[in-house]
Amino acid sequence: MDTGEMDFIAGEVLYFNKPLDWTSFDLVNKFRYKLSRKLNVKKIKVGHAGTLDPKATGVMIVCTGRATKRIDEFQYRTKEYIAAIRLGETTPSFDLEKEVDRTYPVDHITCEKVRDVLATFVGEIRQVPPAFSACKIDGKRAYELARKGKEAPLKAKTLVIDEMELLECALPVIKIRVVCSKGTYIRALARDIGTALHSGAHLIALERTRIGEITLDMCMPPDRMDDFLEKIIIKTIKHETV
């Protein structure tokens with residue numbers, strides 16, 4: 001990411017590579033804290049476009065100041081993911097955040113069957129979000145109910161899968177590339193792939209490699225935040241409070 005003169009109050013758009021086990025809010029909060037110290041201000045708007053789960057890594061777009069008004073614009077852009085899925089096991093969260101709760105047979109699954117099943121998910125699909133998700137039910141987040149052991153009846157949503165490619169097939173683990181619309185839960189996609197294969201499945205790794213035209217190689221690792229903020233020149237134009 002280029003350094004130079006920047007105006008974070010008028011608004012800047014930055015690209016980060018979110019690390020494993022960080023929440024999206026962890027990344028935003030760390031950057032906001034460092035930025036406010038650099039600017040010597042107590043408060044500045046910082047937001048992100050497109051939440052990533054703690055067990056996911058990859059492209060996160062962070063907006064500051066008045067550029068936070070562009071967050072919806074970025075959220076609606078097509079996203080690309082690389083996902084590693086273990087067949088034959090499920091977890092309540094559909095990823096490694098929770099322990100395996102059930103096992104299923106996998107002897108009947110072949111790489112050819114996997115390819116055939118993946119092809120059925122390309123196009124418009126209906127997907128029920130995971131219980132451990134940020135979807136709201138009667139004003140409460142689904143994961144808040146799920147963590148209390150309460151059932152969270154979530155409605156299926158219409159999504160679009162533009163591309164689905166099998167990158168590796170080392171059964172019972174497969175690696176896929178997915179290009180999809182806003183709102184797609186790759187964890188739920190793993191669940192549904194397992195079901196379609198008459199087995200179970202959960203994510204064991206997930207990386208978002210693209211949002212629109214923003215690719216992973218354009219993104220800054222968080223450990224470069226200090227160096228980045230040290231090198232940039234802050235515009236001194238006065239702005240109204242944001």
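Just so we're clear, the structure is a prediction, and the values are computed from it rather than from any experiment. (Residues numbered from 1 in each chain as written. Predicted model: local features only at pLDDT ≥ 70, side-chain atom pairs only at ≥ 80, totals over all residues. Heavy atoms only, no water.)

**Things to note about the overall build of the protein chain**
So, point 1. Helix and strand counts for the protein chain come out as six helices and 15 strands.
So, point 2. Counting every position in the protein chain, which comprises 242 residues, the buried fraction comes to 45%.
So, point 3. If you take every contact in the protein chain between residues at least 6 apart in sequence, the share linking residues at least 24 apart comes to 72%.
So, point 4. Here the protein chain displays about 12,900 Å² of accessible surface, and carbon together with sulfur accounts for 48% of that area. (Helix = DSSP H or I, 4+ residues; strand = E, 2+ residues; numbered from the N terminus. Buried < 20%, exposed > 50% of the residue type's maximum accessible area, 1.4 Å probe, protein only. Contact = heavy atoms within 4.5 Å. Areas by Shrake-Rupley, 256 points an atom, 1.4 Å probe, with all protein chains shown as cover.)

**Considerations on unusual backbone geometry**
Only a minority of non-glycine residues have a phi that is not negative, and only a minority of peptide bonds are not trans.
So, point 1. For the peptide bond that leads from Leu171 to Pro172, omega is 15 degrees, which places it in the cis range.
So, point 2. Structurally, Pro172 can be placed in the loop between β11 (157–170) and β12 (173–180).
So, point 3. If you check the backbone angles, Asn40 has positive phi at about 60 degrees while not being a glycine.
So, point 4. Relative to the helices and strands, Asn40 resides in the loop between α1 (24–39) and β3 (46–49).
So, point 5. For Asn40, a relative accessible area of 69% translates into the label exposed.
So, point 6. Backbone geometry at Phe94 places phi at a positive 70 degrees, although glycine is not the residue there.
So, point 7. You can see Phe94 is positioned in the loop between β6 (89–90) and β7 (102–103).

**Concerning the packing of aromatic side chains**
So, point 1. Per the counting criterion, the structure on display carries one aromatic pair.
So, point 2. Positioned over the ring face of Trp22 is Lys30, at 5.0 Å from the centre of the ring.
So, point 3. A cation over an aromatic ring shows up here: Lys182 above the ring of Tyr76, its NZ or CZ 5.1 Å from the ring centre. (Phe/Tyr/Trp six-rings, centres within 6.5 Å; stacked < 30°, edge-to-face > 60°. Lys NZ or Arg CZ within 6 Å of the ring centre and 35° of its normal.)

**Things to note about the layout of surface pockets**
So, point 1. Put simply, the second largest pocket is a space of about 190 Å³.
So, point 2. As for the second largest pocket, its lining consists of 17 residues, of which Leu20, Lys55, Ile204, Ala205 and Leu206 are closest to the centre.
So, point 3. Elements with a contribution of two residues or more to the lining of the second largest pocket: β4 (56–64), β5 (79–87) and β13 (201–211).
So, point 4. With five residues, the top contributor of residues to the lining of the second largest pocket is β13.
So, point 5. Across the lining of the second largest pocket, the residue classes break down as ten nonpolar, one polar and six charged. (1 Å grid on protein atoms, 1.4 Å probe; cavity = no way out; pocket = protein on both sides within 12 Å on 5 of 7 lines; lining within 4 Å. Points joined across faces, edges and corners; volume = space filled by probe spheres on them. Nonpolar A, V, L, I, M, F, W, Y, C, P; charged D, E, K, R; others polar.)

**Some details on α1**
So, point 1. Between its first and last C-alpha, α1 extends 22 Å over 16 residues, near the 22 Å set by a 1.5 Å rise per residue.
So, point 2. Once α1 ends, the next one or two residues include Asn40, with phi positive near 60 degrees. (Expected span 1.5 Å × (residues − 1).)

**Digging into the nonpolar core**
So, point 1. Phe8, Phe31, Ile85, Ile176, Ile186, Ile193 and Phe228 are the most contacted members of the largest nonpolar core, which has 47 residues in total.
So, point 2. Sorting elements by how many residues they give to this core places α1 first, with five residues.
So, point 3. For Ile176, the residues in contact, after removing those within four places along its chain, are Tyr81, Ile82, Ala83, Ile85, Leu118, Met164, Glu165, Leu166, Leu167 and Ile193.
So, point 4. The next biggest cluster of nonpolar side chains, apart from the first, holds eleven residues, and it includes Tyr15, Ile61, Cys63 and Ile214. (Core = buried A, V, L, I, M, F, W, Y, C linked by side-chain atoms within 4.5 Å.)

**Concerning the pairing of β12**
So, point 1. Most of β12 is tucked away: six of the eight residues are buried.
So, point 2. Relative to β12, β5 is paired through eight bridges, and the arrangement is antiparallel. Along β12, the bridge assignment pairs Ala84 with Lys175.
So, point 3. In this sheet, β12 lies alongside β11 in antiparallel orientation, the contact comprising eight bridges. Looking at the pairing, Glu165 lines up with Arg177 of β12.
So, point 4. Between the antiparallel neighbours β11 and β12 lie two residues. (Pairing = 2+ DSSP bridges.)

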